[in-house]
Amino acid sequence: MIPVEVVQGAGPVILGLPHTGTWLPAAIQSRLNDRGRVLSDTDWHIHRLYDGLLPGVTTVRATFHRYVIDANRGPDDASLYPGQNTTGLVPLTDFDGQPIWQVEPSAEEIAERKEHFHAPYHAALAAEIERVRARHGVAILYDCHSIRSHIPFLFEGTLPDFNIGTNGGASCDPRIEAATLALCAATGRSHVLNGRFKGGWTTRHYGQPARGVHAIQMELAQSTHLATEAPPFDYDPAKADALRVTLKAILTKLAALGPELKA
């Protein structure tokens, strides 16, 4: 199994998909406990949700599960949200704070996973960003995520449907942030900008507006497109189709902004 799948498009928008993969090497899967093997922290069906929404889009998708290594964490494993509960580069617990391993990975194993999974994903993503930027003078990275709407270990209450992250506005041009926020607000659904999720390492690392690279993260509550936020995490076509209308509008608008954003 290759660690990353790339589909090259001709437009200025790149979709990052770091958490939709469910593949684990047998040697790693065998060391998960029963709870870990449920893979509950997957971004379930997100690649399906975004499929076909924007002609000419580039996609970069990790095929491996985040329990192998989290492609949206920095290689130094620095916390993205100091002082708050979170999971690390190689998670030791799930999003409920419960252990997922029978035998936790060693430092040497984590180093191997960086080399064989994390590094190839980011090499591919960086290459596509540079290819798109060379062609258009700008690249817009839209990082696709989802999470259960109720996770007391990570946040209080119910998560909004749309959680937009731009690292406090630092990772993209204000027009990208404003357009995305306006389209989410127009739906009448709950939404927030730079709330609990301000953008992961991918958004913060690659978003460099001064050099023509803009990054924005969209964290969707899974209640917006799943039949249930529990096993078997089935896709709900009716919910998803309604949501896809908004997601298509967002991606279409970002692509149209491309020519205006040239560095």
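Placed above this text is the structure.
What this report covers is the structure whose coordinates are included nearby. All values derive from a computational prediction rather than experimental measurement.

Cut-offs and rules
- Residues numbered from 1 in each chain as written.
- Predicted model: local features only at pLDDT ≥ 70, side-chain atom pairs only at ≥ 80, totals over all residues.
- Heavy atoms only, no water.
- Core = buried A, V, L, I, M, F, W, Y, C linked by side-chain atoms within 4.5 Å.
- Buried < 20%, exposed > 50% of the residue type's maximum accessible area, 1.4 Å probe, protein only.
- Helix = DSSP H or I, 4+ residues; strand = E, 2+ residues; numbered from the N terminus.
- Axes fitted to C-alpha atoms, helices over the stretch in contact; angles between N-to-C directions.
- Parallel < 35°, antiparallel > 145°, perpendicular 65-115°, else oblique.
- Left-handed = near helix turned anticlockwise from the far one by under 90°.
- Contact = heavy atoms within 4.5 Å.
- Expected span 1.5 Å × (residues − 1).
- Salt bridge = Lys/Arg side-chain N within 4 Å of Asp/Glu carboxyl O.
- Phe/Tyr/Trp six-rings, centres within 6.5 Å; stacked < 30°, edge-to-face > 60°.
- Lys NZ or Arg CZ within 6 Å of the ring centre and 35° of its normal.
- Pairing = 2+ DSSP bridges.

So, the nonpolar core
Leu49, Tyr50, Tyr142, Met218, Leu220, Leu247 and Leu254 are the most contacted members of the largest nonpolar core, which has 32 residues in total. Contributing elements (two or more residues each) for this core: strand S2 (13–17), helix H2 (46–50), strand S4 (139–147), strand S5 (162–165), helix H4 (174–185), strand S7 (213–221) and helix H6 (237–257). If you tally residues by element for this core, the top one is H6, at eight residues. Within the second largest apolar cluster, 31 residues are counted, among which are Ile28, Val68, Val90 and Leu141.

Description of the packing of H4 against H6
At their nearest, the axes of H4 and H6 sit 10 Å apart, and the two run at 155 degrees to each other. One element, H4, and the other, H6, form an angle in the roughly antiparallel class. Crossing hand, H4 versus H6: right-handed. In this structure, H4 contributes Arg175, Ile176, Ala179, Thr180, Leu183 and Cys184 to the contact, and H6 contributes Thr246, Ala249, Ile250, Lys253, Leu254 and Leu257.

Details of helix H3 (residues 107–136)
A rise of 1.5 Å per residue sets the reference length of H3, with its 30 residues, at 44 Å; its end C-alpha atoms lie 41 Å apart and thus fit the reference within 8%. Along H3, the residues classified as buried are Arg113, Phe117, His118, Tyr121, His122, Ala124, Leu125, Glu128, Ile129 and Val132.

A few points about the pattern of salt bridges
Considering all chains together, one arrives at 16 salt bridges under this definition. Close ionic contact of Glu5 with Arg61 constitutes a salt bridge, the shortest N to O distance being 3.3 Å. Of this pair, Glu5 sits in strand S1 (residues 4–7) while Arg61 sits in strand S3 (residues 58–62), and the two are 56 residues apart along the sequence. Judged by its relative accessible area of 16%, Arg61 is buried. For Arg66, the salt bridge identified is with Asp70, shortest N-O distance 3.1 Å. Overlapping salt bridges bring together Arg35, Asp41, Asp94, Asp96 and Arg148 as one network.

Considering the environment of Ala215
On the secondary structure map, Ala215 appears in strand S7. Residue classification places Ala215 among the buried positions, given a relative accessible area of 0%. C-alpha separation for the pair Ala215 and Tyr235, spaced 20 residues apart in sequence, amounts to 27 Å. Ignoring anything within four residues of it in the chain, the contact list for Ala215 reads Leu141, Ser171, Cys172, Thr203 and Gly207.

Description of the environment of Val90
Of note, Val90 is situated in the loop between S3 and H3. Residues Val90 and Pro105 lie 15 residues apart in sequence; the distance between their C-alpha atoms is 8.2 Å.

Section: the packing of aromatic side chains
In total, this model carries seven aromatic pairs according to the counting rule given. Relative to Tyr142, the ring of Tyr50 lies with its centre 5.6 Å away and its plane at 65 degrees, an arrangement referred to as edge-to-face. Taken together, the residues Tyr50 in helix H2 and Tyr142 in strand S4 connect sequence positions 92 residues apart. Tyr142 shares its class with Tyr50; the two are buried. Their ring planes at 65 degrees and their centres at 5.3 Å tell us that Phe64 and Phe117 sit as a pair that is edge-to-face. Here Phe64 is found in the loop between S3 and H3, whereas its partner Phe117 is found in helix H3, with 53 residues between them in sequence. Put simply, the rings of Trp23, Phe64 and Phe117 pair up and form one aromatic cluster. Over the ring of Phe197 we find Arg196; its NZ or CZ atom is 5.2 Å from the centre of that ring.

Points about the sheet that holds S7
Spatially, seven strands are ordered S1-S3-S2-S4-S7-S5-S6 in an open sheet, and the strand pairing comes out mixed. Two strands lie at the open edges of the sheet, namely S1 and strand S6 (191–193), each paired on one side alone. Put simply, the sheet's adjacent strands are angled 15 degrees from each other on average, direction ignored. For S2 and S3, the ladder comprises four bridges, and the chain directions are parallel. From the neighbouring strand, Gly16 faces S3, where its bridge partner is Val60. Packed onto the sheet, H3 meets S1, S2, S3, S4 and S7 and runs at close to 175 degrees relative to S3.

From the geometry alone we can't say anything about function, so treat these as descriptive.
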